[in-house]
Amino acid sequence: MLKIGVLGAGHLGKIHLRLLQQSEKYELVGFYDPNQENAEKISKEFGYKNFNTIATLIHAVDVIDIVTPTLSHYKCAKVAIKSGKHVFIEKPISNTVEEAEEIIALAKEYKVKGQVGHVERFNPAFIATKNMIENPMFIETHRLAEFNPRGTDVPVVLDLMIHDIDAILSVVKSKVKNINASGVSVISDTPDIANARIEFENGCVANLTASRISMKNMRKSRFFQKDAYISVDFLEKRCEVVKMKDAPEVPGDFDMILQNAEGVKKQIYFSNPDVEQNNAILDELESFADAINNDTIPVVTLEQATDALRVAYQIIDCFKK
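Calculation rules
Residues numbered from 1 in each chain as written. Predicted model: local features only at pLDDT ≥ 70, side-chain atom pairs only at ≥ 80, totals over all residues. Heavy atoms only, no water. Helix = DSSP H or I, 4+ residues; strand = E, 2+ residues; numbered from the N terminus. Expected span 1.5 Å × (residues − 1). Buried < 20%, exposed > 50% of the residue type's maximum accessible area, 1.4 Å probe, protein only. Contact = heavy atoms within 4.5 Å. Core = buried A, V, L, I, M, F, W, Y, C linked by side-chain atoms within 4.5 Å. UniProt positions renumbered as here; feature names shortened; annotations may be inferred. Salt bridge = Lys/Arg side-chain N within 4 Å of Asp/Glu carboxyl O. Pairing = 2+ DSSP bridges. Axes fitted to C-alpha atoms, helices over the stretch in contact; angles between N-to-C directions.

- As recorded by an unreviewed UniProt entry, the protein carries the name Gfo/Idh/MocA family oxidoreductase and is attributed to Flavobacterium taihuense.

## Quick word on helix H1 (residues 11–22)
Point 1. When the terminal C-alpha atoms of H1 are compared, their 18 Å separation across twelve residues agrees well with the 16 Å that a helix rising 1.5 Å per residue should span.
Point 2. When we look at burial in H1, the residues that qualify are Gly13, His16, Leu17, Leu19 and Leu20.
Point 3. Lining the buried residues of H1 we find strand E1 (2–7), strand E2 (26–32), strand E3 (63–66), strand E4 (86–90) and helix H8 (280–294).

## Looking at the nonpolar core
Point 1. Counting residues in hydrophobic clusters, the biggest one holds 92 residues, and the most contacted among them are Tyr26, Ile93, Val157, Met161, Ile165 and Ile315.
Point 2. Ignoring sequence-local partners within four residues, the contact set of Val157 consists of Ile162, Ile165, Ala194, Ala312, Ile315, Ile316 and Phe319.

## A few points about the UniProt feature "domain: GFO/IDH/MocA-like oxidoreductase" (unreviewed entry) in the protein
Point 1. UniProt records the feature "domain: GFO/IDH/MocA-like oxidoreductase" (unreviewed entry) at residues 156–217, using the numbering of this structure.
Point 2. Structurally, residues 156–217 comprises 26% helix and 39% strand, and the distance from its first C-alpha atom to its last is 14 Å.

## A word on the pattern of salt bridges
Point 1. For the structure shown, the criterion picks out 14 salt bridges.
Point 2. Here Asp295 and Lys113 are joined by a salt bridge, their closest N and O atoms 3.1 Å apart. Here the residue Asp295 occupies a position in the loop between H8 and helix H9 (302–320), and Lys113 occupies one in the loop between helix H5 (97–109) and strand E5 (114–117), the gap between them amounting to 182 residues.
Point 3. The partner of Asp307 in a salt bridge is Arg310, and the shortest N-O contact between them spans 3.0 Å.

## Notes on the sheet that holds strand E6 (residues 138–144)
Point 1. Spatial strand order, E7-E8-E9-E6-E10-E11-E12-E14-E13: nine strands in an open sheet with mixed pairing. Both edges of this open sheet fall to strand E7 (176–184) and strand E13 (256–259), since each of them pairs with a single strand only. Taking each pair of neighbouring strands and ignoring which way they run, the sheet shows an average axis angle of 15°.
Point 2. The pairing of E6 with strand E10 (residues 218–225) spans seven bridges and is antiparallel. Across the sheet, residue His142 finds its bridge partner in E10, namely Lys220.
Point 3. Each of E6, E7, strand E8 (193–200), strand E9 (205–211) and E10 is contacted by helix H7 (residues 156–171), which is oriented at about 155° to E9, the strand it contacts most.
Point 4. Across the face of the sheet, H9 comes into contact with E7 and E8 while running at roughly 55° to E7.

This is how it looks when you write it as structure tokens:
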């Protein structure tokens, strides 16, 4: 079992602590939170060991789980990596692309592994369909959330849309060619609602919408490719696949047939792949333990998370224009 310590015991940090305590792949050594009053309260209530400094916690573990505000990701990762510790960093990897690139360079220099918490990669509905998403040419995503003051210190692109940016970059095997976007600040100092259109060199187009001032929560993505349409509901953890194949000579009474203007007939098949329920946060943390123990590449690498951050900032730059 790998010894792990958690930096940050806010809302998400407490979830990480609880799951790591249950994990069979980690030994939870303890945590550090700069708010010592909050730290002592959590320690008393749940029994986790509260460390007085970051340095003493880092010294006691093999892996550091960074669940602090984004602004401090770089500083925390730098200290941990220079101490020779593997790092799991909540998304986004850091506050700037330059910081992210330095984290990558440090991890290589000190020969440690890093993974970033793009948790939707571990969403069971996405896992169930990922192998079917082969060469999407049009993608549409909607990530809408009810207002929550937590997270409004960053634009909605870094808070919400980055999940979909990462998922899209993981299935589109092509470089980004062009980005157009617009965003509106409604109640925060940074945009609360945003729309982006990403064009890839292979012709694929992705249209992303994110809002944190919606009346209801929604996290849906649709992938369109030759002879198939795949819908993934990240919130409800459901998926649907619609495939088209050449129609049989003699269709059955209940076969659904489409005919285009050229007279080509296609038969439509609907399927709902089995979705195996999981705890995505526990799975991402344990997959990192596997990567360390087996010396394999983590599921969400520091490089991939940096690519997602780079695209996010290109979208934010469009707002300024």
